[in-house]
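Descriptive analysis of the structure
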Amino acid sequence: RASNDIIAFYSSDERLKDDIEEIPNALSRVEDIRGVFFNWNNKQSVYEGRDVGVIAQEIEKVLPELVTDRDNGFKAVKYEKLTALLIQAVKELSAKVKELEKK
């Protein structure tokens, strides 16, 4: 099933990027979003039943670059881009653990 949202690969080569900076306060940002279970309702006709995901409005407050407004008026999350936030959050958490282990 496809709905015009399909991209096979993103270009991640450093040579294609300028102004590279790490995501600051990643752990805090992750703490501001929820992973949720939910049931799809009848305001759409593509999905049904119980599912798992995030809430676009919560993601938008944390990293607006990961949310897009669709033509139908609903918001969508670029789930694959959440990986970068999660990587940075794990690194921040790891640094905190290492600091605690030194004590």
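Above this text is the structure in question.
Residues numbered from 1 in each chain as written. Predicted model: local features only at pLDDT ≥ 70, side-chain atom pairs only at ≥ 80, totals over all residues. Heavy atoms only, no water.

Notes on unusual backbone geometry
Defined as follows: Note on conventions: DSSP H or I runs of at least 4 residues are helices, E runs of at least 2 residues are strands, and numbering of each starts at the N terminus.
Despite not being glycine, Asp19 shows a phi value in the positive range, around 55°. The residue Asp19 is located in the segment before α1 (26-31) in this model. Positive phi is not limited to glycine here, since Asn25 has a value of about 55°. Turning to its location among the elements, Asn25 is positioned in the segment before α1.

Let's talk about the pattern of salt bridges
Any two side chains of opposite charge can pair, given that their charged atoms come close. Here is the rule: We count a salt bridge whenever a side-chain nitrogen from Lys or Arg sits within 4 Å of a carboxyl oxygen from Asp or Glu. Relative accessibility decides the category of a residue: with a 1.4 Å probe and only protein chains considered, values under 20% of the type maximum give buried, values over 50% give exposed, and everything between is partly exposed.
Counted under the stated rule, the structure contains five salt bridges. Between Lys91 and Glu22 there is a salt bridge, with the nearest N and O atoms lying 3.9 Å from each other. Taken together, the residues span a long stretch of sequence, with Lys91 in helix α3 (residues 82-102) and Glu22 in the segment before α1 at a distance of 69 residues. Taking the relative accessible area as the measure of exposure, Lys91 reaches 44% and is therefore partly exposed. For Glu22, a relative accessible area of 56% gives the class exposed. Notably, a salt bridge pairs Arg34 with Glu58, separated by 2.7 Å at the nearest N-O pair.

By themselves these figures say nothing about function.
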